[in-house]
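Coordinate analysis (summary)
Residues per chain are reported as follows:
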Amino acid sequence: MKSWKQILPYLLLNIVVSALTTLAILWGWERNRQTHPSPSDPEHGEISTIPQLTITTSQEPPSSLTVATPTLLPLDQKVIEIENVFGVGDINNEVVRLKRLGEGELSLAGWQLRNQRGNNYIFPNLTFITGAIEVYTRVGIDTVIELHWGREQAAWRAGEMVQLFDSEGNLRASYQIP
């Protein structure tokens, strides 16, 4: 069996390598967040983008590529519904649950979730395929199924109408909070 004196250099090396790896990852994460900030409108608590999860080397597509613009589905086709609003009035628990109806990809880029007092949440570049997405009122870290408005106060009130508009300003779903 090896003594502590023989194992100690390996333990110290392991600690140093682990610390350097962690620092490198945190540095890369912070640098990416500074490159892709999430601007907000302090008056309405509006968030227009979320931190990017991938690092890109160019903001412009190569000239030989064409960028496709998402096509909106017909207005009479239900593609999404506001399933419920939970925790109304409680900033820590307030969340709007959206459910995908139909099949295929649905780009939510530029869509807006609005209350009757003029506050709105603008969706980031996100593709909704199936299942549900939850939009929390509070500050938090976005994932593909959990988005955060970044407000410091609750956005919803009992009796209020929640409305969801597509990127062209067409009403796509609404929900009356009980």
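Remember, predicted model here, so these are calculated numbers, not experimental data.

On to the nonpolar core. Inside soluble globular proteins, nonpolar side chains tend to come together where they are buried. One finds Leu113 and Phe123 to be the most contacted residues of the largest nonpolar core, which totals 25 residues. Put simply, the parts of the chain that give this core at least two residues each are strand 3 (80-86), strand 4 (95-100), strand 9 (132-136), strand 11 (161-165) and strand 12 (171-176). For this core, the element with the highest residue contribution is strand 3, accounting for three residues.

In this structure the tally under the stated criterion is three aromatic pairs. Aromatic pair Tyr121 and Phe123: ring centres 5.1 Å apart, planes at 80°, arrangement edge-to-face. For Phe123, a relative accessible area of 2% puts it in the buried group. Measuring from centroid to centroid gives 5.9 Å for Trp149 and Trp156, while their planes differ by 55°, and the two rings are tilted. Looking at Trp149, the relative accessible area reads 1%, which means it is buried. On the basis of relative accessibility, which here comes to 2%, the residue Trp156 falls in the buried class.

Let's shift gears to the environment of Tyr175. The topology assignment puts Tyr175 in strand 12. In this structure, the C-alpha to C-alpha distance between Tyr175 and Leu164, residues 11 residues apart in sequence, is 8.9 Å. In this structure, Tyr175 is in contact with Ile82, Glu83, Asn84, Val85, Glu160, Met161 and Val162, ignoring residues within four places of it in sequence. Within polar-contact distance, the side chain of Tyr175 engages the side chain of Asn84 at 2.9 Å.

Time to look at the pairing of strand 4. Sheet faces and side chains relate simply in a regular strand, where the side chains alternate between the two faces. In terms of strand pairing, strand 3 meets strand 4 through six bridges, oriented antiparallel. Opposite Glu81, over in strand 4, you have Lys99 as the bridge partner.

Read across the open sheet, the four strands follow the order 7-6-11-12; overall the sheet is antiparallel. The open sheet terminates on both sides in strands that have one partner only, identified here as strand 7 (120-122) and strand 12. The average angle at which neighbouring strand axes cross in this sheet is 15°, direction not considered. Here strand 6 (residues 112-114) runs beside strand 11; their pairing, made up of three bridges, is antiparallel. Bridge pairing in strand 11 places Arg114 opposite Gln163.

Rules used in this analysis
- All residue numbers here refer to positions counted from 1 along the written sequence of the relevant chain.
- Where local features are concerned, this predicted model is filtered to residues with pLDDT of at least 70; where side-chain atom pairs are given and counted, the filter is 80 or more; whole-chain, interface and lining totals use all residues.
- Note: side-chain values were computed over all heavy atoms of the structure, leaving out hydrogens and water.
- We call a set of buried Ala, Val, Leu, Ile, Met, Phe, Trp, Tyr and Cys residues a nonpolar core when their side-chain atoms join them within 4.5 Å.
- Buried, partly exposed and exposed residues are distinguished by accessible area as a fraction of the type maximum, computed with a 1.4 Å probe on protein chains only: under 20%, between the cut-offs, and over 50%, respectively.
- Strands are runs of DSSP state E lasting at least two residues, helices are runs of H or I lasting at least four, and both sets are numbered from the N terminus onward.
- Ring pairs shown here join Phe, Tyr and Trp side chains whose ring centres sit within 6.5 Å, with only the six-membered ring taken for Trp; geometry is labelled stacked below 30 degrees between planes, edge-to-face above 60, and tilted in between.
- What makes two residues a contact is simply this: any of their non-hydrogen atoms within 4.5 Å.
- Between N or O atoms, a polar contact is any pair within 3.5 Å; within protein, one atom must be a potential hydrogen donor and the other a potential acceptor, and residues adjacent in sequence are included only when both atoms are from side chains.
- For two strands to count as paired, DSSP must find a minimum of two bridges between them.
- Geometry is summarised by axes, namely lines fitted to C-alpha atoms with helices restricted to the contacting stretch, and by angles between N-to-C directions that run from 0 to 180 degrees.

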